[in-house]
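# Structural characterization, general
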Amino acid sequence: MIKSLKNTVEDTFIEKFNTKPIVVCSPGRINLIGEHTDYNMGFVLPAAIDKAMYMAIAKRNDDTINLFALDLNDSFSTTISNYTQSDKEWPNYMIGVVDELLKMGKKLGGFNAVFAGDVPLGAGLSSSAALECATVFALDNIFNLGLSQLQMAQIAQMAEREFVGVKCGIMDQFASVFGKKNHVIKLDCRSLAYEYVPFNLAGIKIVLFDSMVKHSLASSEYNVRSQQCQQGVVLIQQKYPEVNTLRDATIQMVDECLSQGDIKIYNRCKFVVEEITRLQAACQYLTAGNLAAFGQQMYQTHQGLSQLYEVSCPELDFIASCAQQETDILGARMMGGGFGGCIIALVNEHATTQIIERIKNAYHTQLGKQMKVYEVNIENGTRLV
Ligand code: GLA
């Protein structure tokens, strides 16, 4: 029998540190619709999935932090009193959380941690948020910090923004912490009010086509997109001072205030405002059980992300267009920050195997590339296991 990830991190921890740890599981996420809307205070529709980070962790009696990334066979050590950003990327997601907690005045001591996961890295499934959320949840537990779920999501987000340097919204960390089996989360990123919408769709599979293009541009271009949206807001404010974010803007305002200026700013803002409206329509279709109409909204999102927001790439566009030709795919689009990663598709279960074969083959014969495919289920959020 293959050892579970929980047992693997637990056993490795005991071998290395000779004490028994607690184990935390924190999932990756999908997002059905509502992309690049979170940092514009719009809505998103994510869910946690059955691919997760597992972290074994226990307190130490001194102020040393020992981290071990099992999948990378790489370790990192520092101290609570004297840590800095690391050149290696992965420790920053964890130390960033420590940094945020200390800035809040929380009392922490040293700890040992071992983690491993099956969230593919750089595939747009938020492996980084999963690692941040596992860390904050684990530290809350071992040091009795008394954090609420919302605080955990916010601390994890701040770690990413401040210590890692990606000026992300709250979606990924919120989904990882608040995930609920067979439900998507309709989150209002302005008020942080949220609602669980049932998503146990008989006969439909959620399939992720991983282009295997790693989103290396993602962090720099991501921050550029966020700035472009803010520039748009400043211009709209000259006429409409009540507009604080793109959530408050209408498409008429965007046309009126931005269409004569920088085309990029216009396109970015147009996409975001349309996407916020699109999500509302999509949610109504979902509640009405009209998945065909829901899927059409997903295709429109892809087109907008590709042409207006310009965060797609030829590989993702190719897979999306293959998907669109399949009558048994209800909807598909690129997911997450962009520049690589996955296409998410809703596929009629009976046709899943054949469709996956066809799209894989087309990707190989026409682009000369290999893809990976994951069928995922919607799971609960960050928890002790
Ligand atoms: C990344 C960010 C999220 C969100 C998406 C795009 O995943 O971490 O906050 O902005 O991109 O929707």
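Given the structure is predicted, the values throughout are model-derived calculations rather than measurements.

About the thresholds
- Sequence order as written defines residue numbering, which begins from 1 separately in each chain.
- Totals for whole chains, interfaces and linings use every residue, but because this is a predicted model, local features are given only for residues with pLDDT of at least 70 and side-chain atom pairs only at 80 or more, for both listing and counting.
- With hydrogens and water stripped out, all remaining heavy atoms of the structure feed into the side-chain values.
- Working definition: helices are DSSP H or I runs of at least four residues, strands are E runs of at least two. Numbering for both runs from the N terminus.
- Contact definition: two residues touch when any of their heavy atoms are within 4.5 Å.
- We define a salt bridge as a side-chain nitrogen of Lys or Arg found within 4 Å of a carboxyl oxygen belonging to Asp or Glu.
- Paired strands are those between which DSSP finds at least two bridges.
- Throughout this document, a residue counts as near a molecule or strand when at least one of its heavy atoms sits within 4 Å of that molecule or strand.
- Any pair of nitrogen or oxygen atoms within 3.5 Å is treated as a polar contact; in protein, a donor-acceptor pairing is required on top of that, and neighbouring residues in sequence qualify only through side-chain atoms on both sides.
- Only the protein chains shown count as cover for residues, and the accessible areas themselves come from Shrake-Rupley with a 1.4 Å probe.
- The split into domains, and so the bounds of each, comes from an automatic or database assignment of domains.
- Buried area adds together the accessible area that both of two parts lose upon being put together, with accessible area traced by a 1.4 Å probe.

## Remarks on the environment of phenylalanine 294
Along the chain, phenylalanine 294 turns up in helix H9 (residues 291-307). For the pair formed by phenylalanine 294 and lysine 180, sequence separation is 114 residues and the distance between their alpha carbons is 21 Å. Not counting chain neighbours up to four residues away, the residues in contact with phenylalanine 294 comprise Leu32, Ile33, Leu45, Ala282, Tyr285, Leu286 and Leu346.

## Some remarks on the pattern of salt bridges
The full count for this structure, using the stated rule, is 18 salt bridges. With a closest N to O distance of 2.7 Å, glutamate 221 and arginine 225 form a salt bridge. With a gap of four residues between them, glutamate 221 and arginine 225 both fall in helix H6 (residues 218-239), about one helical turn apart. Here glutamate 310 ties to arginine 268 by a salt bridge, and the two come within 2.9 Å at their closest N and O atoms. Here the residue glutamate 310 occupies a position in the loop between H9 and helix H10 (314-324), and arginine 268 occupies one in helix H8 (residues 263-287), the gap between them amounting to 42 residues. Several salt bridges converge on common partners, so that one network encompasses Asp99, Glu100 and Lys103.

## Things to note about the pairing of strand S8 (residues 194-198)
By the bridge criterion, five bridges tie strand S7 (residues 183-188) to S8 in an arrangement that is antiparallel. Along S8, the bridge assignment pairs lysine 186 with glutamate 195.

## Side note on the site of the ligand
What surrounds the ligand is the set Arg29, Glu35, His36, Asp38, Tyr39, Cys168, Gly169, Met171, Asp172, Tyr222, Gly336 and Gly337. Contacts to the ligand include aspartate 38, whose side-chain N or O atom sits 2.5 Å from an oxygen atom. One of the side-chain N or O atoms of aspartate 172 is found 2.6 Å from an oxygen atom in the ligand. Within the complex, 92% of the 310 Å² of free accessible area of the ligand lies under protein.

## Side note on the domain arrangement of the chain
Domain boundaries assigned for the chain yield domain 1 (2-200) and domain 2 (204-376). Distance between the C-alpha centres of domain 1 and domain 2: 25 Å. Counting residues at the interface gives 37 residues for domain 1 and 44 residues for domain 2. Between domain 1 and domain 2, the buried area comes to about 3,300 Å², and carbon and sulfur atoms account for 66% of it.

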